[in-house]
Amino acid sequence: MLAKTRDGLNYISKLNAHRIWNMMQILGSYYLSKLTKKNYHRGMPVSVSIEPTTSCNLRCPQCPSGLRQFSRPTGMLDMATYKNAIDQLGKTLTYLTLYFQGEPYLNPSFLDMVAYASHKNIYTATSTNAHYLDDANCKKTIEFGLDRLIISLDGITEESYKKYRIGGQLEKVMEGTRNLVVWKKKLKSKTPYIIWQFIVFGHNEHEIEDVKKLAKNSGVDHLAFKSAQVYNFETGSDLIPKNDKYSRYSFSKATFKIKNKLLNHCWRMWQGCVITWDGKVVPCCFDKDTSYRLGELSQKTFAEIWKGALYEKFRSLLLKSRKNIEICKNCTEGASVWL
């Protein structure tokens, strides 16, 4: 609880009058749009995800990076593209997720990207499979100012872990976690806020109580549970937990359906977006193949894209019929799902 409070205070410390005013504009315009069902948008993004790379060392079966099945190019974000984005967004941005697809630590400039945002007083977060958290990287992760690190831990035995994290090693995850915890203590640092993330699948749901016990002695700050996203979930999958409490899908009339009622509103569309490694702007993290491309930073400024006709049309469509937007069909935004 103390670590969570410190993390919250750390985020609050990033705020200033300009950023707070921007947040109020975003919040006010969102609720007005939600109430009137008409697109009314003010302000710039509060939270953005920027993709360091689409490359990954693992072969997770429900991930485009792992499956090597992207319909878009695989590549690495370069510092010029990154700095261009941050320089345009830095005055209003409060939360930066340096992750979308791929393993961020594979980008040689990843920690320099963290440092660049940190120097602009932006809260930085990322998600990793922890296979590159060696001693040197852990030290630099702390020194370069990362605020939050999510470590994927989807099994507490080698068998259950490798069932989904194909090509990975559970011991590498544990070793990386230990390295990070040790360096936090050595450097007397309160950051990053370390989260073990446990995606609940059919093959590991029996480990939930055991992972809770393991987390207490691990030195991590928080253990988070996440419901599994499954493609083509309608026909069912061994990955879907048997206990309905842990699943984002429910079984009804001989088919699986997402629990989310897909109400015609979405906070994500007002407060943030995703920027891919090559500078394309897409609505959110469910658009993994950039099917709903709203602009490119190589052609327009971010403000021109954010306030442009394509974005306005997309937000208006969402307010009318979210269920007809393909990327929304597997989304838990607004859903009552156990986490």
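Since we're looking at a predicted model, the values are computed, not measured. (Residues numbered from 1 in each chain as written. Predicted model: local features only at pLDDT ≥ 70, side-chain atom pairs only at ≥ 80, totals over all residues. Heavy atoms only, no water.)

Asker: Even after reading the chapter, I still don't get the nonpolar core, so can you show me in this structure?
Answerer: In globular proteins that are soluble, nonpolar side chains generally tend to be buried together. In this structure, Ile50, Tyr82, Leu96, Ile275 and Phe302 are the most contacted members of the largest nonpolar core, which totals 85 residues. Per-element accounting of this core gives the leading share, six residues, to helix 8 (residues 170-186). With near-sequence residues (within four places) excluded, Phe302 lies in contact with Met44, Pro45, Gln88, Leu89, Cys273, Ile275, Val281 and Leu297. (Core = buried A, V, L, I, M, F, W, Y, C linked by side-chain atoms within 4.5 Å. Buried < 20%, exposed > 50% of the residue type's maximum accessible area, 1.4 Å probe, protein only. Helix = DSSP H or I, 4+ residues; strand = E, 2+ residues; numbered from the N terminus. Contact = heavy atoms within 4.5 Å.)

Asker: Even after reading the chapter, I still don't get the packing of helix 6 (residues 135-143) against helix 8, so can you show me in this structure?
Answerer: Geometrically, a packed helix pair is captured by the angle between its two axes and the distance between the axes. Closest axis-to-axis distance for the helix 6/helix 8 pair is 9 Å, and the angle between their directions is 45°. On the basis of the axis angle, helix 6 is oblique to helix 8. Along this stretch, helix 6 crosses helix 8, giving a crossing that reads as right-handed. Across from Asp135, Cys138, Lys139, Thr141 and Ile142 in helix 6, the residues of helix 8 making contact are Gly176, Asn179, Leu180, Trp183 and Lys184. The residue makeup of the contact of helix 6 with helix 8, split by class, is four nonpolar, three polar and three charged. (Axes fitted to C-alpha atoms, helices over the stretch in contact; angles between N-to-C directions. Parallel < 35°, antiparallel > 145°, perpendicular 65-115°, else oblique. Left-handed = near helix turned anticlockwise from the far one by under 90°. Nonpolar A, V, L, I, M, F, W, Y, C, P; charged D, E, K, R; others polar.)

Asker: Help me understand the sheet that holds strand 9 (residues 272-275), please; the structure alone is not making it clear to me.
Answerer: Strands belonging to one sheet form pairs held by backbone hydrogen bonds; the direction of such a pair is parallel or antiparallel. Ordered in space as 6-5-4-3-2-1-9-10-11, the nine strands form an open sheet in which the pairing is mixed. Looking at the sheet topology across the chains shown, the edges are occupied by strand 6 (222-227) and strand 11 (295-296). Where strand 5 (residues 193-200) meets strand 6, six bridges bridge the pair, whose relative direction is parallel. Across the sheet, the residue bridging to Ile199 is Lys226, located in strand 6. Sheet strands touched by helix 9 (residues 208-216): strand 5 and strand 6. Its angle to strand 6, the strand with the most contacts, is close to 155°. (Pairing = 2+ DSSP bridges.)

Asker: How should the packing of aromatic side chains be read in this particular structure?
Answerer: By convention here, two paired aromatic rings are described through the distance between centres and the angle between planes. Taken as a whole, this structure holds 13 aromatic pairs when the rule is applied. Between Tyr30 and Trp267, the ring centres sit 5.2 Å apart and the planes meet at 65°, which makes this aromatic pair edge-to-face. Here Trp267 lies in the loop between strand 8 (255-258) and helix 10 (268-271) and Tyr30 lies in helix 2 (residues 17-36), a separation of 237 residues in the sequence. Judged by centre distance (5.0 Å) and plane angle (70°), the rings of Trp306 and Tyr311 are edge-to-face. Judged on exposure class, the residue Trp306 and its partner Tyr311 are both buried. An aromatic cluster is built from Tyr30, Tyr31, Trp267 and Trp270, whose rings are joined through pairwise contacts. (Phe/Tyr/Trp six-rings, centres within 6.5 Å; stacked < 30°, edge-to-face > 60°.)

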